[in-house]
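Spelled out, the chains give:
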Amino acid sequence: MTTTIVAIANQKGGVGKSTTAINLGAGLAFQGERVLLVDLDPQGNTTSGLGIDRSAIEYSTYDLLVEDVAIDDAIEPSSVRDLFVVPATIELAGAEIELVSMFSRETRLGHALTPIAEDYDFVLVDCPPSLGLLTVNGLAAADEVLIPIQCEYYALEGVSQLMQNIHLVQRSLNPQLDIEGVVLTMYDGRTTLAADVVAQVREHFGETTYRTVIPRTVRLSEAPSYGEPIEAYDPMSRGAIAYRELAREFRRRHGRT
């Protein structure tokens, strides 16, 4: 088994990156895949959204990147079978500065992930909402990028900048990096704006846009405060159904039925 590493990236905040990391990861695990989530965001939403107590973490992504701690020592189990996480703590906010003077600063995550190259089906890297060294590490380590775009005003604003950065990483650090897909999040079917954004994104990205659209729902925003993915919190909710379908579509794209 060779692991596929997917960076979930968009430098805009609040587009559903962590929600997608948690719920796509859980959806894949529920469908029989072995999944590792790597929380690269100092806010640690993926970590807390899986019910991991950040004050009790021994090793985090900070230790992985800055202190050269072995990845096996930093992996924590989640409440979902076959879903694991390398958690983030607030220390990670300082890593951006500390990495600047380090050797191979853009590829430290990639090196850290090498020992587990055969241990998981998918590694999902939740990148921070910026285009700094943490995100560059995520893109340099990844085989593919998944871009969540919210169905709101200015949805495509900043995406061209993200694409530019992806091309830079492809040119100088990771020529194998592919754009795996674009997933539309926070869709409100009551507004014509949301439908317009969907049409606009599909026109812009074509076939790479996922057919599954993630709705904006109260249950989806509640689930992280209970430390559970939506599939465990409320499996019959619209959000759970959408992420289940996204996981199926994701698996089909990767030749797994």
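Everything quoted here is computed from the prediction, not taken from an experiment.

A. Region of interest: the overall build of the protein chain. In terms of regular secondary structure, the protein chain is built from 12 helices and 7 strands. Rg of the C-alpha trace for the protein chain: 17 Å, near the compact-globule value of 18 Å for 257 residues, within the 12% margin. For the protein chain, the C-alpha atoms occupy an extent of roughly 50 × 40 × 35 Å along the three principal directions. In the protein chain, buried positions account for 56% of the 257 residues. For the protein chain, contacts bridging at least 24 residues in sequence account for 78% of all contacts bridging at least 6. For the protein chain, the exposed surface amounts to about 11200 Å²; the carbon and sulfur share of it is 50%.

B. Inspection of the nonpolar core at higher detail. Core analysis: the largest hydrophobic core is formed by 50 residues, its most contacted members being Leu36 and Leu109. Discounting chain neighbours no more than four positions away, the residues touching leucine 109 are Val38, Leu40, Leu64, Leu65, Val125, Asn137, Gly138 and Ala141. Within the second largest apolar cluster, 32 residues are counted, among which are Tyr210, Ala240, Ala242 and Tyr243.

C. Molecular detail of a negative patch on the surface. Side chains of Glu58, Asp72, Asp73, Glu118 and Asp119 sit close together on the surface and give a patch of like negative charge. Relative to the elements of secondary structure, aspartate 119 occurs in the loop between α6 (108-113) and β5 (122-126). On the accessibility criterion, aspartate 119 (32% relative accessible area) is partly exposed.

D. Focus on unusual backbone geometry. The backbone of aspartate 82 shows a phi angle near 70°, a positive value even though the residue is not glycine. Assignment of secondary structure puts aspartate 82 in the loop between β3 (76-77) and β4 (83-86). The phi dihedral of methionine 186 falls on the positive side, at around 55°, and the residue is not glycine. Along the polypeptide, methionine 186 turns up in the loop between β7 (178-185) and α9 (192-205).

E. Highlighting the packing of helix α1 (residues 17-30) against helix α12 (residues 238-253). Across the interface, α1 lies against α12 with an axial gap of 8 Å and an inter-helix angle of 70°. Judged by the angle between their axes, α1 and α12 are roughly perpendicular. Crossing hand, α1 versus α12: right-handed. Contact residues: α1 offers Thr19, Thr20, Asn23, Leu24, Gly27 and Leu28, while α12 offers Tyr243, Leu246, Ala247, Phe250 and Arg251. For the contact of α1 with α12, a count of residues per class yields 6 nonpolar, 4 polar and 1 charged.

F. How the structure looks around the pattern of salt bridges. Under the criterion given, the structure shown has 14 salt bridges. One salt bridge in this structure joins glutamate 106 and arginine 105, with 3.4 Å as the shortest N-O distance. A relative accessible area of 30% places arginine 105 in the partly exposed class. Between aspartate 234 and arginine 219 there is a salt bridge whose closest N-O contact spans 2.8 Å. Of this pair, aspartate 234 sits in the loop between α11 (230-233) and α12 while arginine 219 sits in helix α10 (residues 218-222), and the two are 15 residues apart along the sequence. Classification of aspartate 234 as buried rests on a relative accessible area of 19%. Put simply, Glu33, Asp121, Arg251 and Arg256 are held in one network by salt bridges that share partners.

G. Region of interest: the environment of glycine 138. Mapped onto the fold, glycine 138 is located in helix α7 (residues 133-141). Residue classification places glycine 138 among the buried positions, given a relative accessible area of 0%. It is 15 Å that separates the C-alpha atoms of glycine 138 and glycine 44, two residues lying 94 residues apart in sequence. Glycine 138 has contacts with Ala7, Leu40, Leu109, Val125 and Cys127, leaving out every residue within four places of it along the chain.

H. Fine view of helix α8 (residues 159-172). Along its 14 residues, α8 runs 20 Å from first to last C-alpha, staying within 8% of the 20 Å computed at 1.5 Å per residue. Restricting attention to buried positions, one finds in α8 the residues Val159, Leu162, Met163, Asn165, Ile166, Val169 and Gln170. Projection of α8 onto a plane perpendicular to its axis shows the buried side chains occupying an angular sector of 160°, all on one side. Exposed and oriented more than 90 degrees from the buried face of α8 are Ser160, Gln164, Arg171 and Ser172. At its buried positions, α8 is contacted by α7, β6 (144-150), β7 and α9.

Cut-offs used in this document
Residues numbered from 1 in each chain as written. Predicted model: local features only at pLDDT ≥ 70, side-chain atom pairs only at ≥ 80, totals over all residues. Heavy atoms only, no water. Helix = DSSP H or I, 4+ residues; strand = E, 2+ residues; numbered from the N terminus. Rg over C-alpha atoms; globule rule 2.2 N^0.38 Å. Buried < 20%, exposed > 50% of the residue type's maximum accessible area, 1.4 Å probe, protein only. Contact = heavy atoms within 4.5 Å. Areas by Shrake-Rupley, 256 points an atom, 1.4 Å probe, with all protein chains shown as cover. Core = buried A, V, L, I, M, F, W, Y, C linked by side-chain atoms within 4.5 Å. Patch = residues over 30% accessible without salt bridge, like charges linked within 9 Å, V, L, I, M, F, W, Y side chains within 5 Å. Salt bridge = Lys/Arg side-chain N within 4 Å of Asp/Glu carboxyl O. Lys, Arg positive; Asp, Glu negative; His and termini not counted. Charge placed at Lys NZ, Arg CZ, Asp CG, Glu CD. Axes fitted to C-alpha atoms, helices over the stretch in contact; angles between N-to-C directions. Parallel < 35°, antiparallel > 145°, perpendicular 65-115°, else oblique. Left-handed = near helix turned anticlockwise from the far one by under 90°. Nonpolar A, V, L, I, M, F, W, Y, C, P; charged D, E, K, R; others polar. Expected span 1.5 Å × (residues − 1). Arc of directions from axis to C-beta.

So far we have only geometry, and geometry alone does not tell us how the molecule works.
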